Amino acid sequence: MKETGAGQAGDAVITPAKGRLRVSALMIYGVMALPLAFAGLPIYLNAPDFYAVVFDQPLTSLGAVLLALRLVDAFQDPLIGSLSDRFHAHRSAILMLGAVFLGSGFWMLFHPPATYPLAWFALSVFICTTGYSIVAINYQTVGGLWNCMETDRTRVTGFREAFGLVGLLIAAIAPAVLAEITSRETAFHWLTIAYLPLLAGALVILLSWLRTAPLQKPSNPDEIIGWTQLLKDRWRAIFFGTVFLNSFASAIPAVLVLFFVRDRIGAEAYTGLFLLIYFLSGVVSMPVWMRIAARSGKLAAWRYSLMLSVITFLGAAFLGLGDLAGYALVCALSGLALGADLALPPAILADHLEADGREADASRLFAFMALLSKAALAVATGLALPMLGLVGYHPNVDMTPSLNLALSFTYAVLPCVMKIGVFCILLASAKTLAQGKSAV
């Protein structure tokens, strides 16, 4: 019988009977996702513009710094995962350390000195993203180790991702609203003033939950295996390969959305509205996917979401100049599939942790999934625009029929082809993945 610990209690206790998780408990756990998601947009979207406008820093230099730090951020995730597993008994302290880094880096980012702003930008983003990764990996890990029924694991990830999408929406709206009221520098000053207590409050709530949360303890905490052995397992190889391909398919339109909206639809002024529709649709869809996963299983629900994504997003390939209503509909319908993409893979991985007895490697496995997501975005960024550049596309050029076709194909058709590939892998590997562990 598995053992669990309540938070960080030293003595193992017999696993109690698993009951259905209360909504209040799910909300208490999910709150931390809001400040985590909130931090992302200001770091990567608002900060470069802030330093370019206020401190006259070259965009090329800012972009190069961000690219380098993205690579560092991605490849430090496995190290963070390994250290978090090794010191899992001190999970609360690790979360506090990460939150201090995240909050300090966020404050530093929008309060730079007058001298050496580019170096300050690099240091601030590094501290901020390191803190973010520490908190995010351990936060996902404790959710994955929550001792609950399999049907509740989708609810755990669903509530978490729903709070995250709300944080993302607030982060998208707040800077613009504050900038209308005051100057740019003052707006971001107040943004950090508001963010720090939000982060601190969510951390206190999470740590309070962690003290009594029934978390699965490692069956063999001293049995440490290498990364190669950990990842060559058949179940994990199939699962992580599928996650990467799906993340890559989703990353391509994420990279190209601004170009598609401006140059293909001719609706640059409505970009924010389209993104709002997309993410709100993702929030609304969370309860639906939880219900479908409970009735049909997580793998089946994921396959349904992939088909929904393909059927709806292919419509974007047939849109042209001025098709605002059509694109808004595509955003709303494809956004419904977003909820499943966010909630289901982590829940499936949490099932695997229990089925295969890999609780001792939980942080490493969640860290590797985070690495794949970041790598997919980096590969999509490095391939999508150069591919379009080869056929003569450049932002703000006069669009010819061939360029329209190339942009529509890359933005909409290519990701759908990849999603169909993901669907086929899930279908062909259904028996292996459903077992939760390898047969060998």
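The structure under discussion appears in the preceding block.
Residues numbered from 1 in each chain as written. Predicted model: local features only at pLDDT ≥ 70, side-chain atom pairs only at ≥ 80, totals over all residues. Heavy atoms only, no water.

**Student:** I'd like a description of the nonpolar core, backed by residues and values.
**Tutor:** Membership of the largest hydrophobic core comes to 91 residues, with the highest contact counts inside it found for Phe121, Trp209 and Phe239. Not counting residues within four places of it along the chain, the set of residues in contact with Phe239 comprises Trp302, Pro345, Ile348, Leu349, Met369 and Leu433. Counting residues in hydrophobic clusters, the runner-up holds 35 residues, among them Ala316, Ala328, Cys331 and Ala412. (Core = buried A, V, L, I, M, F, W, Y, C linked by side-chain atoms within 4.5 Å. Buried < 20%, exposed > 50% of the residue type's maximum accessible area, 1.4 Å probe, protein only. Contact = heavy atoms within 4.5 Å.)

**Student:** Explain the packing of helix α11 (residues 298-313) against helix α14 (residues 401-428) residue by residue, including any values.
**Tutor:** Running from N to C, α11 and α14 point in directions that differ by 160°, and their axes come no closer than 9 Å. Looking at the two axes, α11 sits roughly antiparallel to α14. Remark: the crossing between α11 and α14 carries left-handed chirality. Seen from α11, the contacting residues are Leu299, Trp302, Arg303, Leu306, Met307, Ser309, Val310 and Phe313; seen from α14, they are Tyr411, Ala412, Cys416, Lys419, Ile420, Val422, Phe423, Leu426 and Leu427. Classifying every residue of the contact of α11 with α14 gives 14 nonpolar, 1 polar and 2 charged. (Axes fitted to C-alpha atoms, helices over the stretch in contact; angles between N-to-C directions. Helix = DSSP H or I, 4+ residues; strand = E, 2+ residues; numbered from the N terminus. Parallel < 35°, antiparallel > 145°, perpendicular 65-115°, else oblique. Left-handed = near helix turned anticlockwise from the far one by under 90°. Nonpolar A, V, L, I, M, F, W, Y, C, P; charged D, E, K, R; others polar.)

**Student:** Please give an account of the pattern of salt bridges that cites residues and values.
**Tutor:** Opposite charge on two side chains makes pairing possible when the charged atoms of those side chains draw close. Under the defined criterion, the tally for this structure stands at 14 salt bridges. Asp341 is the partner of Lys419 in a salt bridge, and the nearest nitrogen-oxygen pair spans 2.8 Å. Of this pair, Lys419 sits in helix α14 while Asp341 sits in helix α12 (residues 324-355), and the two are 78 residues apart along the sequence. We note a salt bridge from Asp361 to Arg358, for which the minimum N-O separation is 2.6 Å. A relative accessible area of 2% places Asp361 in the buried class. Relative accessible area serves as the criterion here: at 12%, Arg358 is assigned to the buried category. Salt bridges sharing common partners tie together Arg153, Lys298, Asp351 and Glu354. (Salt bridge = Lys/Arg side-chain N within 4 Å of Asp/Glu carboxyl O.)

These figures come from the coordinates and say nothing about function on their own.
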